[in-house]
Amino acid sequence: MLQNYFKIAARNLWRNKLHAFINVLGLSIGLGACLVIYLLAEYELSFDTFRTDKERIYRIYSSFDGVFSGFNRGVPTAMASLVEEEQQLIESSAAFQVVSGSIKVDDRDLLRQQEGIAIASPTYFDVFPDYEWLVGNPVTSLSEPYKAVLTEERAKQYFDITDPGEAIGQQFHFRDSLPLTVAGIIANIPKRTDLDFEMFISHSTIEASWLKNNYEPNNWSNTNSSHQVFVKLQSGIEPEQVEATLGQDAKALYKKDSYFGDDVDAGFHLQSFTDLHYNADLSIFDHSREPAHMPTLYALLSIAGILLFIAIINFINLETAQASRRSLEVGIRKAIGGTRKELIIQFLLETLVLTVVAVAVSLALAKVGLRYFADYIPEGVGLDITSPLHLSFLLGLTLTVALLAGAYPAFIMSGYKPAFALKGKAKNSGHVNLRRGLIIFQFIIAQALIFGNLAIGQQLNYMLNKDMGFEKDAIVYFYVPWQSANEKKIILANELRAYPEIKALSLHEQTPASSSYSTTVMKYQSKSGEEIKYSTYRKFGDTSFIHLYGMDIIAGRNMVPSDTLYEILVNEAYAEYLGFDNPADALGEQLDYGDGKMVPIVGVVDNFHFSSLHDKIEPVVIGSDIDDYGIIGLKLQITGQEGAHIQAILERMEQSWNKIYPGEPFEYNFLDETIANFYRSERRASVLSTFAMSIAILISCLGLLGLISYTTAQRTKEIGIRKVLGASVQQLVALLTKDFVILVLVAAVVALPIGWYMSKQWLQDFAYHIHLDWWMFVLVTGAAILIALLTVSFRALRAALANPADSLKYE
Amino acid sequence: MIRTNELVKVYRTEEVETTALNKVSIEIKAGEFVSIMGPSGCGKSTLLNILGLIDNPSGGEYHFLDHEVSSYSERKRSQLRKNNIGFIFQSFNLIDELTVFENVELPLIYTKVGGSERKKRVEEVLEKMNMMHRRNHFPQQLSGGQQQRVAVARAIVNNPKLILADEPTGNLDSSNGSDVMKTLVHLNNEGATIIMVTHSQYCAEFGNRIIRLLDGQVVTENIVSKQLL
């Protein structure tokens, strides 16, 4: 019996190749998209799921309110000893510094910027015991200063050995001057963990070495995101209890012992370890991978659901359109003894065969999809046919889709009355409305997505082309090595200034707009005696800074040259914040630069965007302090020049660099590219929405194609009669396509408000954004109508051009 | 075997009510070969569909093999049908996607006959209908006469007690038509009860009784006196 079903299913598919092709294609595209998104979601959701007692592990993080405010994923270093005192609540704790830096082994080449290094005490492994120790153990390997533990892979990389045990006792240097001895080896870490440390340096090394200058232990003033404290709570203890006791103690100590005193109200909170991978506000560690963006993941999962849903709808639509063709077969089978149940099983099996084919095709599509979106998909996401999880997902997906897609057509077709079915007159008209409904639904989704896509595209375009308040074209900048001597910076700057191709050059702290920023709490004593404190954005630079970036001085003058803070410029927003509606009135006012040093405002610059357009323009101060200048920015004279010419200048610049910083890499950036990169996630959203939109349109078009084929087949006789009576081809095409335009218009009534609402929500994330104009609504509906007409017109035209004699013979 | 009492069938659309059968009472005994005649639209096919349990009457009684079946559910009718009735249609109604062998095999599959037994019986009946050499062909590859022979093979493969034929020669030329008629007579002689709807007086006279319908009512019943074969 089963064999017979499969046989007839296969032959049916073969016989109706176009129908099967459209059906399989529609389903495969939906399934393929669903599969890619599933793999991505499965990847993101599988991080650190293997950790023992993960539900009891929490990270302590800080919040601040006052002259500066916000969150910090780290805590002051003094927190480490405080948690050790709370043994009733905390079973074990791990305080560690996340660091990176160069590694030097013997006389071999320097390994630059090695990531994944933690300075940790043995207790780290009490909180996270899931490490396999190949040689050594936490206590013997990490108790003494100047000891390090490496993963097997790192050990082999550094020491050129085959047996990891041979690395024990070997020496190497961290950041040029910290000597370390290998005292333990752990197995390589799994791919899906955020604790991706491949080297541990013993925590006692901090006190014993120059590291203590960087990572001042037992300090409340400095909250660095690299200083992390994780705790494993005693069984039965709730995080709120810890926040109430430990958090309050820490808060009080912060007030008492930190430099900020009453100016800042600090808070200390617990973040569940299971939340680590998903909290975009706190992020994971410095230099680490990015956390999964849950809204994006949810958006993706809903997109997967919607795409699969419209693919299934499409399938149902196309199947029921074919139903009348199958009615005779139903009649025969019933007449010779087939029961309804047997027919339902037969149709469901046919759908299953189609679904299996579609799933197979979707595997290939998913592979292509993963490659195409490689830039947006983390490494390690992929289908593993041997994974029981992936296999059961595929199996579940296949069965669910086959059931959802097959149930309705099977139910309808098996219900035909045999006496009618044998005449091919199975009642079918009711399904026409259903099919129309399904098409409308598909076009609602398609048009909403087109609208959203248009809005994202417009906003991106706006952001990339908006006047930022400074020049960004033809500007190249690069960082000088960390803690470089001031003389070296000046020598390099002077050498570069001599290049005829360089129009302007400046040494400064940051480019006018940057993704990272530093702030300083500045105080102003107003005429009324009120003290105005504000955490102001710093953009320090030399006197060429505002010339290089073409910023306008709207009142006063530029600073005079100075290597230390002597005079300052403020932006218009700061002048206003201080209460000066007329910028010129702010000139000469003295500001307290934090430590009691008073500096006068000598000029006010026009407002400019200091970061991406997500942020509003805020008070900015420009001062001079050569110690802080880490960037050399320069404007190239490149109007009308070829790329090769620019390349040649950059190569000469590199030669100059190498004379002053031999062995350091010369890594330059173009400012316009840096600014474009502010909007990487928006570009990602744009790619994603284009992808979802294209698939939705594609599947909807397949649905339309199915429906027009059905309609023209049903109306063949009518078309013939109309032709005989004198209807023109145009009139007939209009007759056949009119209904589809109406369907699209009906869908637009629902889709446009949805698209508008969603886009408006998305745009609220930007302090500066486009407005959703009337023309966008017209364009979206126009595009949808055009797409629908292009899809149906070919079939309609073919039907209208058919010889009426043939169509009238049809009955 | 078959007894109907004032059988009524009414088709209703939103505005029109058409009476296809108007109080038809007939009786057919096991072993009979009955021909049903009448002009187009007189209700012949409707009657045949009801007798074949692929349609329900709107009123009256229908006794088939001593069961009152007029109000049977589709499931029960299907059970009775597959074990007792074979159909032969004017347009053959073979399933295009199945081969000759598979078409004939289908009723046996539905009555859950085992694989080897199925093969044996299909081969037997194909042999009988002289279609063995075409067993792997698809219906479109056969002539009309050959297709009808396959349809007959399919109708009799389950050894049904009742064979219903709806204009079995309507789509055939006279030579193929008379071959089919000879087969039906032969089956009747072997004990099968046959009810055949036809327009052709010539074919009708192969049976031993002719029932004439007009406007949904039985107008005459004659015994065929002359045996053609």
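This structure is a prediction, so every number in the text was calculated from the model and none was measured.

Each helix and strand in chain A was counted, giving 24 helices and 22 strands. With the principal axes as the frame, chain A shows a C-alpha extent of 100 × 65 × 55 Å. Within chain A, the proportion of its 811 residues that are buried is 39%. Across chain A, contacts joining residues at least 24 apart in sequence account for 81% of those joining residues at least 6 apart.

This next bit is on the overall build of chain B. Of the regular secondary structure elements, chain B holds seven helices and 11 strands. Here the C-alpha atoms of chain B give a radius of gyration of 17 Å, agreeing with the 17 Å that 2.2 N^0.38 yields for 229 residues. Judged by the C-alpha coordinates and their principal axes, chain B covers about 50 × 40 × 35 Å. Across the 229 residues that make up chain B, the buried fraction comes to 46%. Of all intrachain contacts in chain B linking residues separated by at least 6 positions in sequence, the fraction that spans at least 24 positions is 67%.

With 21 residues of chain A in contact, the opposing surface of chain B contributes 19 residues. For the side of chain A that touches chain B, the secondary structure elements donating two or more residues are α1 (2-15), α10 (294-335), α11 (340-372) and α13 (418-421) of chain A.

Okay, the packing of helix α2 (residues 17-45) of chain A against α11(A) next. Residues and elements named next belong to chain A. The contact between α2 and α11 brings their axes to 7 Å, and the two run at 50 degrees. By the angle class used here, α2 and α11 are oblique. Considering the relative orientation of α2 and α11, their crossing is right-handed. When α2 is examined against α11, the residues A20, N23, V24, L27, S28, I29, L31, G32, L35 and V36 are found in contact with a partner set consisting of L354, T355, V357, A358, V359, V361, S362, L365, A366, G369 and L370. Among the residues making up the contact of α2 with α11, the classes are represented as 15 nonpolar, six polar and no charged.

Right, let's get into the domain arrangement of chain A. Residue and element names in this part refer to chain A. In terms of domain boundaries, chain A breaks down into domain 1 (2-40 + 294-461 + 681-809), domain 2 (54-278) and domain 3 (482-663). Each of domain 1 and domain 3 has a C-alpha centre, and the two are 57 Å apart. The partner domain 3 presents four residues to the four residues of domain 1 that form the contact. Here the residues of the side of domain 1 that touches domain 3 sort into three nonpolar, no polar and one charged.

As a further point, take the environment of A:T296. Residue and element names in this part refer to chain A. Among the secondary structure elements, T296 is positioned in helix α10. The class of T296 is partly exposed, set by 17 C-beta atoms lying within 10 Å. Sequence separation between T296 and A685 is 389 residues, and the spatial gap between their C-alpha atoms is 8.4 Å.

Right, let's talk about the sheet that holds strand β13 (residues 502-508) of chain A for a bit. Residues and elements named next belong to chain A. Here four strands make up an open sheet; going across it, the order is β13-β21-β12-β22 and the pairing antiparallel. Each end of this open sheet is capped by a strand with a single partner; those strands are β13 and β22 (668-670). Across this sheet, the average inter-strand angle for adjacent strands is 20 degrees, counted without regard to direction. By the bridge criterion, six bridges tie β13 to strand β21 (residues 631-636) in an arrangement that is antiparallel. Within β21, the position partnered with L507 by the bridge is I632. Those strands touched by helix α15 (residues 486-497) are β13 and β21, and its axis lies near 170 degrees from that of β13.

On to helix α12 (residues 388-414) of chain A, then. Residues and elements named next belong to chain A. Taking 1.5 Å of rise per residue, 27 residues should cover 39 Å, and α12 covers 36 Å from first to last C-alpha, within 8% of that figure. The sharpest bend along α12 reaches about 40 degrees and sits at G406, with the proline P409 one to four residues further on. For α12, the complete set of buried residues consists of L394, V401, A402, A405, G406, P409, A410, I412, M413 and S414.

Another aspect to go through is the sheet that holds strand β4 (residues 33-37) of chain B. The pairing of strands in a sheet happens through backbone hydrogen bonds and is either parallel or antiparallel. Residues and elements named next belong to chain B. The six strands lie next to each other as β7-β8-β9-β4-β10-β11, forming an open sheet whose pairing is mixed. The open sheet terminates on both sides in strands that have one partner only, identified here as β7 (85-88) and β11 (217-223). Looking at each pair of strands side by side, their axes are set apart by 20 degrees on average, direction ignored. In terms of strand pairing, β4 meets strand β9 (residues 193-197) through four bridges, oriented parallel. When the sheet's bridge partners are listed, S35 is paired in β9 with M196. Sheet strands in contact with helix α5 (residues 144-156) are β7 and β8 (162-166), and its direction is about 170 degrees off that of β7. Seen against the sheet, helix α6 (residues 174-189) touches β4, β8 and β9 and runs at an angle of roughly 150 degrees to β9.

Inspection of the secondary structure puts B:S25 in the loop between β2 (17-24) and β3 (27-28). Sequence separation between B:S25 and B:E6 is 19 residues, and the spatial gap between their C-alpha atoms is 5.0 Å.

The biggest cluster of nonpolar side chains holds 160 residues, and the ones touching the most others in it are A:L307, A:A311, A:A696, B:A153 and B:I163. For this core, the element with the most residues is α10(A), which contributes 17 residues. Residues within four places of A:A696 in sequence aside, it is in contact with A:L307, A:I310, A:I445, A:A446 and A:L449. With 63 residues, the next largest nonpolar core counts A:I90, A:I117, A:A118 and A:A155 among its residues.

Residue and element names in this part refer to chain A. For D48, which is not a glycine, the phi torsion comes out positive at approximately 55 degrees. By secondary structure assignment, the location of D48 is in the loop between α2 and β1 (57-66). Although it is not a glycine, A474 adopts a positive phi angle of roughly 60 degrees. Here A474 is to be found in the loop between α14 (429-465) and β12 (475-479).

Moving on, we get to the environment of A:R722. All names here are of chain A. Secondary-structure assignment places R722 in helix α21 (residues 716-724). Separated by 78 residues in the primary sequence, R722 and A800 have C-alpha atoms spaced 9.8 Å apart. Setting aside residues up to four positions removed in sequence, R722 forms contacts with A727 and L732.

Looking now at the packing of α2(A) against helix α20 (residues 680-714) of chain A. Residue and element names in this part refer to chain A. Interaxial distance between α2 and α20 falls to 10 Å at its minimum, and their mutual angle equals 160 degrees. Taken together, the axes of α2 and α20 lie roughly antiparallel to each other. When you trace α2 past α20, the crossing you get is left-handed. Contact residues: I22, L25, G26, I29, G30 and A33 in α2; I695, L698, I699, L702, L705 and G706 in α20. Residue composition of the contact of α2 with α20, grouped by class: nine nonpolar, three polar and no charged.

This part is about the confidence of the model for chain B. Model confidence for chain B is summarised by a mean pLDDT of 88, while 98% of its residues fall at 70 or above. On the interface metric, ipTM, the complex scores 0.78, and its pTM is 0.74.

Moving on, we come to the pairing of strand β10 (residues 209-214) of chain B. Residue and element names in this part refer to chain B. Sheet topology note: the β4/β10 ladder contains four bridges and is parallel. Pairing of S35 across the sheet is with I210, part of β10. Two strands pair when backbone bridges link them, and β10 and β11 are joined in this way by six bridges, in the antiparallel orientation. From the neighbouring strand, R212 faces β11, where its bridge partner is T220.

Scoring rules and cut-offs
- Residues numbered from 1 in each chain as written.
- Chains lettered and ligands numbered in written order.
- Predicted model: local features only at pLDDT ≥ 70, side-chain atom pairs only at ≥ 80, totals over all residues.
- Helix = DSSP H or I, 4+ residues; strand = E, 2+ residues; numbered from the N terminus.
- Buried ≥ 20, exposed ≤ 12 C-beta atoms within 10 Å, placed from the backbone.
- Contact = placed C-beta atoms within 7 Å.
- Rg over C-alpha atoms; globule rule 2.2 N^0.38 Å.
- Axes fitted to C-alpha atoms, helices over the stretch in contact; angles between N-to-C directions.
- Parallel < 35°, antiparallel > 145°, perpendicular 65-115°, else oblique.
- Left-handed = near helix turned anticlockwise from the far one by under 90°.
- Nonpolar A, V, L, I, M, F, W, Y, C, P; charged D, E, K, R; others polar.
- Domains from an automatic or database assignment.
- Pairing = 2+ DSSP bridges.
- Expected span 1.5 Å × (residues − 1).
- Bend = angle between axes of the 7 residues up to and from the residue.
- Core = buried A, V, L, I, M, F, W, Y, C linked by C-beta atoms within 7 Å.
- pLDDT = per-residue confidence, 0-100.

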